[in-house]
Amino acid sequence: MDQLFSAVMTIGIGVGGCLTYFFLSNLLLDRIYPATGANISFNINRANAIRPWLFMFPAIILLAIYLVYPLFWSIYLSFMDAAGEKFVGGANYSWMLADAKFQESMRNNVLWLIVVPAFSTAFGLIAAAVTDRIKWGNLAKAMIFMPMAISFVGASVIWKFVYDFRPEGTAQIGLLNAIYEYFGGVPQTWLTSEIVNSFLLMVVLIWIQTGFAMVILSGALRGIPEETVEAAILDGASPLQIFFKIKVPQIWGTIIVVWTTITITVLKVFDIVLTMTNGQWGTQVLGNYMFDWLVRGQDSGRASAIAIVIMLLVLPIMIWNIRNARKEMR
Amino acid sequence: MDNIVGGKSSLTWAVNLAAAFLVLLWTIPTFGLLVSSFREKDQIISSGWWQSMFPQEAAVQVRGAAPDTAVQEGALFVITGNAFEEGQAGTISAFGVTSREPAAVVAGETATTPEGYRITVNADGTYRIESDVPFEGTRGERFFVTTTQPPSFTTENYGTVLTGEGLARGFFNTMTVSIPATIIPILIAAFAAYALAWMEFPGRALLLACVVGMLVVPLQLALIPLLQLHLWAGIGKSYLGVWLAHSAFGLPLAIYLLRNYMAGLPREIIESARVDGATDFQIFLKIILPLSFPALASFAIFQFLWTWNDLLVALVFLGATQDQLVMTGQLKELMGSRGGDWELLATSAFISIAVPLVVFFAMQKYLVRGLLSGSVK
């Protein structure tokens, strides 16, 4: 209870503090450069030049400390030793390149990058196209969208139960093994069989991300001008032709946005791997490997170097996003 | 659109079927765990959850009442009792006296044990063991029954988990993390978004580009430097640190969503307020903020779901002690240490995802709107 009280207090202090800051700083600005008197126009201009920065000050400070500074400090740390005390040059990076587990993580991340965005977007597109045409579409959408609200850890529990293994001859309680056995297979310990297990972990993320893709693509599909579809129908196009040749090309931009957004999520994937296999049996990925070196390895140099690699992989998408955003603003 | 072409009923069918298939595929895993959280531990590991909706057959070993409970009826010594434990319901289809043939005899008939006792087990579970000589030993006679039990569900797991495993504590810890971390960034972001949307100043485009860039900065990058910073500043591993971290990590999305929304508000309202002599502070508080409610709501939902569901930030910036472990952290521990106790795992998982699910279904409209405004432009 104490704790909840302190949480409520923090909300009060945080919100109240913000409001007080904004109010007082604006008041102060109006006092220093009053919009009256002899040099009124000079004062107004001055106040208008300063005011935006007053409005943005708390945000800029927080972002600078929590996002910009860590970027540079991580680069610095990645050239230091485990305790962050001695300069070791590129040792962390050369260790990384030779490390088998890092290579495995890179290989898996590449696999994830290919499989997850592709399947999520494809399923999302199918789900959007299908649910837009049926009466109970909203309900269907809500059901497919629901995993978005479930934590990665919760999703891991859900799927680990699906993948559960019982020895042959006993009743299978995992759905996958039950189906596999029904079709004549011998029950497998899925999460320990290499390569297959990575794909089974990807299924979890695809399951979560498909709803996101569906919602956005459905919005885009509805935005397609009706005339184009009607014209195609009059020309005798089949429903499949309409979908692939008329609709999909028109929402291509949105498909790419969805694809890149999911790509970012994939690059940061961590919880699923940590809770389901903890990177054992050939399932390691960069996000979890970095965490491993941070917590278990207690090596800020190597962990930072891995984080930098993740950042480098994100960088192209970041630049592409910024260029797109700037194009829109113009 | 279909009616233009005429009756395409086969297509409609296919579409409905495809949708139903997708929905099933997407809900079955969750549903399975939900069903399991209402089953008893023994049932979960003895049969798949999909069988729990139907009566179940199980072979169980029963030990009869102890020999000293025998009563004498004429020349016979008789032990009677019920194969079902108290409160248990079901029917018995067959029984047997050896483990090699546990279902050799149909219920209601009589079998003879290796010791020469005659045993009858009825469908309702009552049994009668007869002997011409007094029973020997101290342990009851062992026999086997094949029972058919009706589907049974229990809420016991929820009671156990909420009182025992510290999950109630975790629930409060998660709430302590996520509520301030949702509310605090909103105001900070709203002021910044207003400045970026409606005030002219040099460097505005550059700042906006930075915000867009920061949207995708991987969290992993920030962990070590911030942990060191928190330790250096004396914040250490505490709620304050998590609140600050979550607030800052949520800011880029908040500023981006709110700026896009505010920039779309009609210029006339703001300009006429300016002509009437309103200051920027007044315009913001009295006009922009109330008008931006939909965008504020969608960000609040995103941030709440993200902070409630987060594991990484809590693991790094909070300690692992009972009074600081959030629910996702507890679930992770459970999966490691009690990975086979599905009744605990399933129940804990459902308690942890209940709140986000409620928020999700109640506020879906705002969530969808936020997603659309964030990505489709």
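Residues numbered from 1 in each chain as written. Chains lettered and ligands numbered in written order. Predicted model: local features only at pLDDT ≥ 70, side-chain atom pairs only at ≥ 80, totals over all residues. Heavy atoms only, no water.

### With respect to the domain arrangement of chain A
All names here are of chain A.
Now for step 1: What the domain assignment lists for chain A is domain 1 (2–77) and domain 2 (92–329).
Now for step 2: Between the C-alpha centres of domain 1 and domain 2 there is a distance of 39 Å.
Now for step 3: In this complex, domain 1 contributes 4 residues to the contact, which on the side of domain 2 involves 6 residues.
Now for step 4: Where domain 1 abuts domain 2, roughly 360 Å² becomes buried across the two surfaces, and 68% of that area is made up of carbon and sulfur atoms. (Domains from an automatic or database assignment. Contact = heavy atoms within 4.5 Å. Buried area = accessible area lost by both parts, 1.4 Å probe.)

### Thoughts on helix 7 (residues 219–233) of chain B
All names here are of chain B.
Now for step 1: Here helix 7 spans 20 Å end to end across 15 residues, near enough to the 21 Å set by a 1.5 Å rise per residue.
Now for step 2: The sharpest bend along helix 7 reaches about 30° and sits at Pro 225.
Now for step 3: Taken residue by residue, helix 7 has Leu 219, Gln 220, Leu 221, Ala 222, Leu 223, Ile 224, Pro 225, Leu 226, Leu 227 and His 230 as its buried positions.
Now for step 4: Downstream of helix 7 by one or two residues, Gly 234 has phi in the positive range, about 85°. (Helix = DSSP H or I, 4+ residues; strand = E, 2+ residues; numbered from the N terminus. Expected span 1.5 Å × (residues − 1). Bend = angle between axes of the 7 residues up to and from the residue. Buried < 20%, exposed > 50% of the residue type's maximum accessible area, 1.4 Å probe, protein only.)

### As for unusual backbone geometry
Residues and elements named next belong to chain A.
Now for step 1: A positive phi is found at Trp 281, a non-glycine position, where the angle reads about 55°.
Now for step 2: Along the chain, Trp 281 falls in the loop between helix 12 (271–276) and helix 13 (286–295).
Now for step 3: Residue classification places Trp 281 among the partly exposed positions, given a relative accessible area of 37%.
Now for step 4: If you check the backbone angles, Gln 298 has positive phi at about 50° while not being a glycine.
Now for step 5: Position of Gln 298 relative to the elements: it lies in the loop between helix 13 and helix 14 (300–329).

### So, the packing of aromatic side chains
Now for step 1: Using the criterion set out here, one finds 37 aromatic pairs over all chains in the structure.
Now for step 2: Judged by centre distance (6.3 Å) and plane angle (55°), the ring pair of Phe 22 of chain A and Phe 55 of chain A falls under tilted. With Phe 22 of chain A in helix 1 (residues 2–32) and Phe 55 of chain A in helix 2 (residues 40–77), this pair connects stretches of sequence that are 33 residues apart.
Now for step 3: A relative accessible area of 0% places Phe 55 of chain A in the buried class.
Now for step 4: Ring centres of Phe 161 of chain A and Trp 342 of chain B lie 4.8 Å apart, and the angle between their planes is 55°; on these two criteria the pair is classed as tilted. Here Trp 342 of chain B lies in helix 14 (residues 342–362) and Phe 161 of chain A lies in helix 6 (residues 152–162), a pairing that spans two chains. Neither Phe 161 of chain A nor Trp 342 of chain B differs from the other in exposure class; each is buried. (Phe/Tyr/Trp six-rings, centres within 6.5 Å; stacked < 30°, edge-to-face > 60°.)

### Structural notes on the nonpolar core
Note on soluble globular proteins: their nonpolar side chains tend to be buried together.
Now for step 1: Core analysis: the largest hydrophobic core is formed by 200 residues, its most contacted members being Trp 112 of chain A together with Phe 249, Met 262 and Phe 317 of chain B.
Now for step 2: Counting residues per element, this core draws most heavily on helix 5 (residues 167–198) of chain B, which supplies 18 residues.
Now for step 3: Residue contacts for Trp 112 of chain A: discarding those within four places in its chain leaves Pro 117, Ser 198, Leu 201, Met 202, Leu 205, Val 266, Val 269, Val 273 and Val 285 of chain A.
Now for step 4: Judged by nonpolar contacts, the second largest core, of 19 residues, contains Val 62, Ala 83, Tyr 117 and Ile 119 of chain B. (Core = buried A, V, L, I, M, F, W, Y, C linked by side-chain atoms within 4.5 Å.)

### Description of the domain arrangement of chain B
Now for step 1: For chain B, the assigned domains read domain 1 (2–51), domain 2 (56–149) and domain 3 (159–375).
Now for step 2: On a C-alpha basis, the centroid separation for the pair domain 1 of chain B and domain 2 of chain B is 43 Å.

### A look at the pairing of strand 4 (residues 91–96) of chain B
Residues and elements named next belong to chain B.
Now for step 1: Sheet topology places strand 4 next to strand 9 (residues 142–149); 5 bridges connect them, and they run antiparallel. From the neighbouring strand, Ile 92 faces strand 9, where its bridge partner is Thr 147.
Now for step 2: As paired elements, strand 4 and strand 5 (residues 105–106) share 2 bridges and run antiparallel to each other. Each residue of the ladder has a partner; that of Phe 95, found in strand 5, is Val 105. (Pairing = 2+ DSSP bridges.)

### Considering the sheet that holds strand 2 (residues 71–73) of chain B
Residues and elements named next belong to chain B.
Now for step 1: One open sheet holds the 5 strands; their spatial order is 2-3-8-7-6, and the pairing between them is antiparallel. This sheet does not close on itself; its edge strands, each paired only once, are strand 2 and strand 6 (110–112). If you compare each strand with its neighbour and ignore which way they point, the axes differ by 30° on average.
Now for step 2: Relative to strand 8 (residues 126–131), strand 3 (residues 76–82) runs antiparallel, the two sharing 6 bridges. (Axes fitted to C-alpha atoms, helices over the stretch in contact; angles between N-to-C directions.)

### Topic: the pattern of salt bridges
Residue and element names in this part refer to chain B.
Now for step 1: Considering all chains together, one arrives at 13 salt bridges over all chains under this definition.
Now for step 2: In this structure, the salt-bridge partner of Glu 130 is Arg 118, at a minimum N-O distance of 3.6 Å. Taken together, the positions of Glu 130 in strand 8 and Arg 118 in strand 7 (residues 118–121) put the pair 12 residues apart, joining distant regions of the chain.
Now for step 3: Of the charged contacts, one joins Arg 267 and Glu 271 as a salt bridge, the two residues approaching to 3.2 Å between their closest N and O atoms. With Arg 267 and Glu 271 both in helix 9 (residues 267–275) and 4 residues apart, the pair spans about one turn of that helix.
Now for step 4: Here Arg 267 falls in the partly exposed class, since its relative accessible area comes to 46%.
Now for step 5: By relative accessible area, which is 37% here, Glu 271 ends up partly exposed. (Salt bridge = Lys/Arg side-chain N within 4 Å of Asp/Glu carboxyl O.)

### Quick word on the packing of helix 4 (residues 100–131) of chain A against helix 8 (residues 196–222) of chain A
Residue and element names in this part refer to chain A.
Now for step 1: Their axes nearest at 6 Å, the elements helix 4 and helix 8 cross at an angle of 40°. Regarding the angle of helix 4 to helix 8, the classification is oblique. In terms of crossing hand, the pair formed by helix 4 and helix 8 is right-handed.
Now for step 2: Classifying every residue of the contact of helix 4 with helix 8 gives 19 nonpolar, 9 polar and no charged. (Parallel < 35°, antiparallel > 145°, perpendicular 65-115°, else oblique. Left-handed = near helix turned anticlockwise from the far one by under 90°. Nonpolar A, V, L, I, M, F, W, Y, C, P; charged D, E, K, R; others polar.)

### Looking at the environment of Thr 328 of chain B
Now for step 1: The topology assignment puts Thr 328 of chain B in helix 13 (residues 327–337).
Now for step 2: We classify Thr 328 of chain B as buried; its relative accessible area is 3%.
Now for step 3: Along the chain, Thr 328 of chain B and Ile 28 of chain B lie 300 residues apart, while their C-alpha atoms are 22 Å from each other.
Now for step 4: Among residues more than four places away in sequence, those in contact with Thr 328 of chain B are Ser 151 and Val 153 of chain A together with Trp 308, Asn 309, Asp 310 and Leu 311 of chain B.

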